[in-house]
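Below are the chains, spelled out letter by letter.
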Amino acid sequence: MRVLGTLFENNKKWANKIKESDPDFFTKLSKQQSPEYLWVGCSDSRVPANEIVNLLPGDIFVHRNIANLVIHTDMNCLSVLQYAVEVLKVKHIIVCGHYGCGGIKAAMDNREHGLIDNWLRHIKDTYHKHQGRIDALQTEKEKINLMCELNVVEQVANICHTTIVQNAWKSNQELTVHGWIYGIEDGILQDLNVCIKNLDEISRIHRI
Ligand code: CO
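All figures in this text were calculated on a predicted structure; none of them were measured in a lab.

Novice: I keep staring at unusual backbone geometry and nothing clicks. Help me out?
Specialist: Keep in mind that most residues, glycine aside, have a negative phi and that most peptide bonds are trans. You will see that Lys89, though not glycine, has its phi angle at about 55 degrees, which is positive. Assignment of secondary structure puts Lys89 in the loop between helix H4 (75–87) and strand S3 (92–98). Positioned with a positive phi, Asn193 is a non-glycine residue whose angle comes to about 55 degrees. Residue position: Asn193 is located in the segment after strand S5 (189–191).

Novice: How do you make sense of the domain arrangement of the protein chain when you look at a structure like this?
Specialist: One frequent convention defines the size of an interface as the accessible area lost when the parts assemble. You can read the domains of the protein chain as domain 1 (1–31) and domain 2 (34–206). Between the C-alpha centres of domain 1 and domain 2 the distance comes to 31 Å.

Novice: Teacher, can you tell me more about the coordination of the cobalt ion here?
Specialist: Where a metal carries four tetrahedral donors, each ideal angle is 109.5 degrees; where it carries six octahedral donors, the ideal angles are 90 or 180 degrees. On the protein side, the cobalt ion has Cys42 (SG), His98 (NE2) and Cys101 (SG) as donor atoms, found 2.1 to 2.3 Å from it. Along the chain, the residues donating to the cobalt ion fall in the pattern C-x55-H-x2-C. In this pair, Cys42 sits in strand S1 (residues 37–42) while His98 sits in strand S3, placing the two residues 56 residues apart along the sequence. By the burial criterion, Cys42 is buried, and His98 matches it.

Novice: Sorry if this is basic, but what is going on with the state of the cysteines here?
Specialist: By definition, a disulfide is the covalent link that joins the sulfur atoms of two cysteine residues. By the definition in use, this model includes zero disulfides. Of the cysteine sulfurs around Cys96, a residue in no disulfide, the closest is that of Cys42, at 9.5 Å. Accessibility expressed as a relative area gives 0% for Cys96, which makes it buried.

Novice: Help me understand the packing of aromatic side chains, please; the structure alone is not making it clear to me.
Specialist: How two aromatic rings sit relative to each other is given by the distance of their centres and the angle of their planes. Within the structure shown, the criterion is met by four aromatic pairs. Taking 5.1 Å as the distance between ring centres and 90 degrees as the angle between the ring planes, the aromatic pair formed by Phe25 and Phe26 counts as edge-to-face. Note on Phe26: relative accessible area 27%, which makes it partly exposed. Ring plane angle 40 degrees and centroid distance 5.7 Å describe the contact between Phe61 and Tyr83, whose orientation is recorded as tilted. Of this pair, Phe61 sits in strand S2 (residues 60–65) while Tyr83 sits in helix H4, and the two are 22 residues apart along the sequence. Accessibility expressed as a relative area gives 17% for Phe61, which makes it buried. Connected via pairs of aromatic rings, a cluster forms that spans Trp14, Phe25 and Phe26.

About the thresholds
Residues numbered from 1 in each chain as written. Predicted model: local features only at pLDDT ≥ 70, side-chain atom pairs only at ≥ 80, totals over all residues. Heavy atoms only, no water. Helix = DSSP H or I, 4+ residues; strand = E, 2+ residues; numbered from the N terminus. Domains from an automatic or database assignment. Donors = N, O, S within 2.8 Å, 3.2 Å for Na, K, Ca; no water. Buried < 20%, exposed > 50% of the residue type's maximum accessible area, 1.4 Å probe, protein only. Disulfide = S-S within 2.5 Å. Phe/Tyr/Trp six-rings, centres within 6.5 Å; stacked < 30°, edge-to-face > 60°.

Right, dumping it as structure tokens:
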């Protein structure tokens, strides 16, 4: 018996189900992908990009990492961003965080977690920036959840500060960067209303 047999069985059923409603689905998709969206989300298993917005394969280009961070020295994330913007010409980039994020929780405590502390350090910087507002909240849960939102806003800015996005705007490419947050407790997405679609909306020092 094949190792992880259930997953292969699941896959066969899934592919057949799609082919039942659209026999040419995979053939068409094999020729090209033209997604309109780039999704930057958390690796958390409870926040699967395609499922929560009910989109099919081919609809959404995805990058996920712990706590949905966009770090300007992360070649992995930047390569995804460059390909999505310059080749696929996505119209929307969505940074989607989620409440109760384990990465945010880990960054907010003062324990050592090993290698990952180098990654979480970026979240600590965001906390430091907004410390007064966060510390004014009563419960730990409220603090974590506000940090989850502020972290999204920070990553939206980080995306807008890249030359990739700025060059797209300069050449009048239609491109909007959004900040969303997902509730793992109710399955509901919320728009954090940080829609950025041109150079004038980013801080002067970051304009290139
Ligand atoms: Co998370």
